[in-house]
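Residue strings, one per chain:
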Amino acid sequence: MKILAIESSCDETSAAVVSGGNALSNIISSQHFHSKFGGVVPELASRAHLKAISYLIDESLDKAGLTMNDINALAVTSQPGLIGSLIVGSNFAKGLSLKYNLPIVPVNHIEGHIFSGNLQDSQLEFPYITLVVSGGHTAIFLVESYSEYTAMGLTKDDAAGEAFDKIAKLLGMPYPGGPHIDKNAKNGNPKAYNFPRSMMNSKDFNFSFSGIKTAIRYFIAKNFPDGIPDEVIPDLAASAQAAIVDVLVAKTVEAAAKTNVNHIVIAGGVSANSSLRSEMAAKASIEYINVIAPELQYCMDNAAMIGFIAEKKLEENDIKDYSDLTFRVNPNALRAKRK
Ligand code: KG4
Ligand code: ZN
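Residue numbering note: each chain is counted from 1, following its sequence as written. Think of it this way: whatever chain is written first is A, whatever ligand is written first is 1, and the rest follow in order. It should be noted that, the model being predicted, local features are given only for residues of pLDDT at least 70 and side-chain atom pairs only at 80 or more, the latter also being counted only at that level, while totals for whole chains, interfaces and linings use all residues. The basis for every side-chain value is the complete set of non-hydrogen atoms in the structure, without hydrogens or water.

Student: Looking at this structure, I do not really get the site of ligand 1. What am I missing?
Tutor: Being near a molecule or strand, for a residue, means having at least one of its heavy atoms within 4 Å of it. Among the 18 residues in the neighbourhood of ligand 1, the closest are listed as Gly135, Asp165, Asp182, Gly269 and Asp301. As used in this structure description, the phrase polar contact means that two N or O atoms lie within 3.5 Å; if the pair is within protein, one of them must be able to donate a hydrogen and the other to accept it, and residues adjacent in sequence are counted only when both atoms belong to side chains. One of the backbone nitrogen or oxygen atoms of Val270 is found 3.5 Å away from an oxygen atom of ligand 1. Considering ligand 1 on its own, with 560 Å² of exposed area, one finds that the protein chains cover 87% of that surface. Note on definitions: the grid is 1 Å and covers protein atoms alone; a cavity is a set of points where a 1.4 Å probe fits but cannot get out; a pocket is an open set with protein on both sides within 12 Å along at least five of seven lines; lining residues have an atom within 4 Å of a point. Think of it this way: a molecule belongs to a cavity or pocket when more than half its atoms come within 2 Å of the grid points there. Spatially, ligand 1 is embedded in the largest pocket. Secondary structure follows DSSP: runs of H or I at least 4 residues long count as helices, runs of E at least 2 residues long count as strands, and numbering of each begins at the N terminus. Contributing elements (two or more residues each) for the shell around ligand 1: helix H5 (160-170) and helix H6 (178-185). Residue polarity follows a fixed list, in which Ala, Val, Leu, Ile, Met, Phe, Trp, Tyr, Cys and Pro are nonpolar, Asp, Glu, Lys and Arg are charged, and the others, Gly among them, are polar. Looking at the shell around ligand 1, its residues break down into six nonpolar, eight polar and four charged. Areas reported here follow the Shrake-Rupley algorithm with a probe of radius 1.4 Å; residue values treat only the protein chains shown as occluding.

This is how it looks when you write it as structure tokens:
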């Protein structure tokens, strides 16, 4: 089976060909121009997807050495995400489906991230814990099979990536700020400033990241009213990063220990963070838990992860279940209920 997958839920346009659990190609185009607006502008994102999508599909087929006539099914992200961006990908897939008479598997983007550990490592066995941590989502899942997974914890407000980006903005760094915080933190002291570890002792697996951004904003206003001196930026970056990473690591390792699983997968754009990778591996190893951090192309938003889970769904269900072209996109992200 050869699946052509499309991902366009936020500011990455991506097309991939997946077959037998492997990505034969995974072409990703990031919309860097949002940087000058300080965040993703939804209308511009949709237009950029529209411009890029057919070229990326051609490139992904070329790279896989295939043509549309070799493709057996389509997969596309249908939720959650920016509604205009989701519509571009799903309507393009519907057009291809009509032209080439192909079934379409609509895929939940979070499921793509959840199973990206299996795409990376074909030996990975269930059950395991996945921490999905990106600009839009922060959640801990207990994953028991390709069709059974449970959200053990979710963010109540901002996603961890959103917190990285907002803190980076306060420190004068460009969008998206996560990678800039990571880079600056390498030269800083994570214990220089003690920023809040929200919900660290909440006795559940939920998160809250809106408080840390506010705490840092007040800290800067009080201590650096005339502007932040360049020499304290690395310490501020390292201390902010440590506050976010500590909570992510503690709760994920605790979730794995509580459910007696031996593997943790970290996925989503923030899983590129060097401190999150090293701290997670260090803390998990104390509990004899192994950490799988997929390579960057499978961590960030990408179509290979969408095609991968679509192929599993096609294996487990009747292909006729995927002939419905009336499926709709849904923008809503997973959030824990506020008390
Ligand atoms: O998964 P992704 O590409 O897109 C979605 O949000 O779905 O994740 C992007 C997020 C941004 O918030 C970005 O700042 C963050 O991932 N990010 C990082 C790093 N690389 C990307 N955050 C911290 N450290 C990094 N090295
Ligand atoms: Zn994502």
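Student: Got a minute to help me understand the coordination of the zinc ion (ligand 2) in this structure?
Tutor: Six octahedral donors around a metal ideally sit at 90 or 180 degrees from one another, while four tetrahedral donors ideally sit at 109.5 degrees. The coordination sphere of the zinc ion (ligand 2), as far as protein atoms go, consists of His109 (NE2), His113 (NE2) and Asp301 (OD), spread over 2.1 to 2.2 Å. Water is not among the atoms examined, so metal sites may look incomplete; donors are the N, O and S atoms within 2.8 Å of the metal, or within 3.2 Å for Na, K and Ca. In these descriptions, tetrahedral denotes four donors with every angle between 85 and 135 degrees, square planar four donors and octahedral six donors with opposite donors over 155 degrees apart and the rest between 65 and 115, and irregular any other case. With four donor atoms in place around the zinc ion (ligand 2) and angles of 84 to 151° between them, the coordination shape is irregular. Sequence positions of the residues that donate to the zinc ion (ligand 2) give the spacing H-x3-H-x187-D. Taken together, the residues span about one helical turn, with His109 and His113 both in helix H3 (residues 109-114) at a distance of four residues. Of the two residues, His109 and His113, both sit in the buried class. For each residue, the accessible area found with a 1.4 Å probe, counting protein chains only, is set against the maximum for its type, and the residue is called buried under 20%, exposed over 50%, and partly exposed in between.

Student: When you look at the packing of aromatic side chains in this model, what are you seeing that I'm missing?
Tutor: The geometry of an aromatic ring pair is captured by the separation of the ring centres together with the interplanar angle, meaning the angle of the planes. Aromatic pairs are defined between Phe, Tyr and Trp rings, using the six-membered ring for Trp, whenever the two ring centres lie within 6.5 Å; interplanar angles under 30 degrees are classed as stacked, those over 60 as edge-to-face, and all others as tilted. Evaluation of the coordinates by the stated rule reveals 12 aromatic pairs. Ring plane angle 15° and centroid distance 5.5 Å describe the contact between Phe126 and Tyr128, whose orientation is recorded as stacked. For Tyr128, a relative accessible area of 0% translates into the label buried. Taken together, Phe115, Phe126, Tyr128, Phe141, Tyr146, Tyr149 and Phe308 form an aromatic cluster joined through their ring pairs. Over the aromatic face of Phe207 sits the side chain of Lys251, whose NZ or CZ is 5.9 Å from the ring centroid. As a reminder, the over-ring test applies to NZ of lysine and CZ of arginine, requiring each to be within 6 Å of the ring centre and within 35 degrees of the ring normal.

Student: Just to check I follow, could you spell out the state of the cysteines for this structure?
Tutor: By disulfide we mean two sulfur atoms from cysteines, separated by a distance within 2.5 Å. Throughout the structure, instances matching the rule amount to zero disulfides. The cysteine Cys10 is free of any disulfide, with Cys299 supplying the nearest cysteine sulfur at 16 Å.

Student: Explain the sheet that holds strand S1 (residues 3-7) to me, please; I cannot follow it from the model alone.
Tutor: Adjacent strands of a sheet form backbone hydrogen bonds with each other and so pair up, either parallel or antiparallel. The five strands lie next to each other as S3-S2-S1-S4-S5, forming an open sheet whose pairing is mixed. Each edge of the sheet is formed by a strand with only one pairing partner; in this case those strands are strand S3 (22-30) and strand S5 (104-108). Averaged over all pairs of adjacent strands, the angle between strand axes in this sheet comes to 20°, irrespective of strand direction. Looking at chain direction, S1 and strand S4 (residues 73-79) are connected through four bridges and run parallel. Here, a strand pair is defined by DSSP locating no fewer than two bridges between the strands. For helices, the fitted line uses only the C-alpha atoms of the stretch in contact; every axis is such a line through C-alpha atoms, and the angle between N-to-C directions lies from 0 to 180 degrees.

Student: Which parts of the structure should I look at to understand the sheet that holds strand S9 (residues 263-267)?
Tutor: One open sheet accounts for five strands, arranged S8-S7-S6-S9-S10; its pairing is mixed. Two strands in the sheet have a free side with no partner beyond their single neighbour: strand S8 (149-154) and strand S10 (290-292). Strand-to-strand twist of the sheet, defined as the mean angle between neighbouring strand axes without regard to direction, takes the value 25°. As defined by bridge partners, strand S6 (residues 128-133) adjoins strand S7 (residues 138-143) across six bridges and the pair is classed as antiparallel. Paired with Ile129 across the strands is Leu142, a residue of S7. Contacts are residue-level and defined by heavy atoms, with any inter-residue pair within 4.5 Å sufficient. Along the sheet face, helix H9 (residues 274-286) touches S6, S9 and S10 and points at about 170° away from the line of S9.

Student: Any chance you could explain the nonpolar core here in plain terms?
Tutor: In this text, buried Ala, Val, Leu, Ile, Met, Phe, Trp, Tyr and Cys residues form a nonpolar core when linked through side-chain atoms within 4.5 Å. If you look at the biggest cluster of nonpolar residues, it comprises 47 residues, and the most contacted ones within it are Leu171, Ile244, Leu248, Ile264 and Leu276. Of all the secondary-structure elements, those providing two or more residues to this core are S6, S7, H5, H6, helix H7 (210-223), helix H8 (233-258), S9 and H9. With 14 residues, H8 is the largest single contributor of residues to this core. Aside from chain neighbours lying at most four places away, what touches Leu276 is Val133, Val245, Leu248, Val249, Ile266, Val270 and Ser271.

Student: How should the domain arrangement of the protein be read in this particular structure?
Tutor: How big an interface is tends to be stated in terms of the accessible area lost upon association of its parts. Each domain's extent was defined by an automatic or database domain assignment. Taken domain by domain, the protein comprises domain 1 (3-113 + 301-322) and domain 2 (122-298). Placing the centre of domain 1 and that of domain 2 at their C-alpha centroids yields a distance of 27 Å. Each partner contributes residues to the interface: domain 1 has 20 residues there, and domain 2 has 14 residues. Of the roughly 1400 Å² buried at the junction of domain 1 and domain 2 (both faces included), carbon and sulfur atoms supply 59%. The working definition used for a salt bridge is a side-chain nitrogen of Lys or Arg within 4 Å of a carboxyl oxygen of Asp or Glu. At the surface where domain 1 touches domain 2, the tally comes to zero salt bridges. Throughout, the accessible surface (probe 1.4 Å) given up by two parts as they are put together, summed over both, is called the buried area.

Student: Looking at this structure, how should I read the layout of surface pockets?
Tutor: Over the atoms, a rolling probe the size of a water molecule traces out where space has been left empty. Of the volumes computed, that of the largest pocket is approximately 1300 Å³. Residue lining of the largest pocket: 44 residues in total, with Asp11, Gly135, Asp165, Tyr175 and Pro176 positioned closest to the centre. Contributions of two or more residues to the lining of the largest pocket are made by H5 and H6. If you tally residues by element for the lining of the largest pocket, the top one is H5, at seven residues. Grid points are joined across faces, edges and corners, and a volume is the space filled by probe spheres set on the points.

Student: Honestly, the pattern of salt bridges in this entry has me stumped. Any pointers?
Tutor: Note that side chains of opposite charge can pair when their charged atoms are close. Overall, the coordinates contain 10 salt bridges when judged by the stated rule. For the salt bridge of Lys313 with Glu111, the shortest nitrogen-to-oxygen distance reads 2.8 Å. With Lys313 in helix H11 (residues 303-316) and Glu111 in helix H3, this residue pair connects regions lying 202 residues apart in the sequence. Comparing Lys313 with Glu111, the two get one shared label, buried.

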